[in-house]
Amino acid sequence: MQTIRIISNISYNTLEFFETKIAELTARRIIDWAYWAYHLADEDELKDHIHFVLKPSKRLETADLRDFFKELDPTHEK
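For this particular structure, what's the right way to read the side chain of His-49?
For His-49, the location among the structural elements is in strand S4 (residues 49-56). Here the side chain of His-49 touches Lys-47 through a polar contact of 3.0 Å, landing on its backbone oxygen. If near-sequence neighbours (up to four positions away) are discounted, His-49 is found in contact with Ile-10, Ser-11, Tyr-12, Ala-37, Tyr-38 and His-39.

So, in C-alpha cells, the structure goes:
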C-alpha cells in the first residue's frame, strides 16, 4: 500500500537497530520525522517493543518500509 499519511505501528527490533534505521530514513529524506517510545513487555506480552509514528516526506510503499526494518536475529539461523 502506498501512503503519504502518518504511519503508526509497533516494532520488535532492538532499539539501537530501530534508531539507526530511522536516522537513515531521515537523512535520505524519506521521512520528515518520527517519534517513538520503548515499551517493556507487560505480563501478558511476550517481548519488549517500540511504539512509533512517522511522517513520510513523499509517497511511501509500506511493504518496502517493512522490508527495510527487518533485523536479523543472531540467536536464530533463519
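Having seen the structure, we can now continue with the description.
Explain the pairing of S4 to me, please; I cannot follow it from the model alone.
Two faces belong to every sheet, and in a regular strand the side chains alternate between them. Of the strand pairs in this sheet, strand S2 (residues 7-11) and S4 are connected by five bridges, and their pairing is antiparallel. Among the inter-strand pairings, Ile-7 is bridged to a residue of S4, identified as Leu-54. Examined bridge by bridge, strand S3 (residues 31-39) and S4 share eight bridges and lie antiparallel to one another. By the bridge assignment for S4, Tyr-38 is matched with Ile-50.

Just to check I follow, could you spell out the sheet that holds S4 for this structure?
The strands making up a sheet are joined through hydrogen bonds of the backbone, oriented either antiparallel or parallel. If you trace the three strands from one edge of the open sheet to the other, you get S2-S4-S3, paired in antiparallel fashion. The open sheet terminates on both sides in strands that have one partner only, identified here as S2 and S3. Neighbouring strand axes in the sheet, compared pairwise and without regard to direction, differ in orientation by 20° on average. Against the sheet, helix H1 (residues 15-27) touches S2, S3 and S4, its axis set at about 170° to S3.

Sorry, what's going on with the nonpolar core here?
As a rule of thumb, soluble globular proteins bury nonpolar side chains together. Counting residues in hydrophobic clusters, the biggest one holds 14 residues, and the most contacted among them are Phe-18, Ile-22, Leu-25, Ile-31, Leu-54, Leu-65 and Phe-69. Elements with a contribution of two residues or more to this core: H1, S3, S4 and helix H2 (62-68).

In this structure, what is going on with the pattern of salt bridges? I would like to understand it.
Two side chains of opposite charge can pair, provided their charged atoms sit close to one another. By the definition in use, this model includes two salt bridges. Residue Arg-28 pairs with Glu-24 through a salt bridge whose shortest N-O separation is 3.1 Å. With a relative accessible area of 47%, Arg-28 lands in the partly exposed category. The salt bridge partner of Asp-67 is Lys-70, with a shortest N-O separation of 3.5 Å. The class for Asp-67 is partly exposed, based on a relative accessible area of 42%. Judged by relative accessible area, which is 58%, Lys-70 ranks as exposed.

Parameters at a glance
Residues numbered from 1 in each chain as written. Predicted model: local features only at pLDDT ≥ 70, side-chain atom pairs only at ≥ 80, totals over all residues. Heavy atoms only, no water. Helix = DSSP H or I, 4+ residues; strand = E, 2+ residues; numbered from the N terminus. Polar contact = N/O pair within 3.5 Å; in protein donor to acceptor, adjacent residues only side chain to side chain. Contact = heavy atoms within 4.5 Å. Pairing = 2+ DSSP bridges. Axes fitted to C-alpha atoms, helices over the stretch in contact; angles between N-to-C directions. Core = buried A, V, L, I, M, F, W, Y, C linked by side-chain atoms within 4.5 Å. Buried < 20%, exposed > 50% of the residue type's maximum accessible area, 1.4 Å probe, protein only. Salt bridge = Lys/Arg side-chain N within 4 Å of Asp/Glu carboxyl O.

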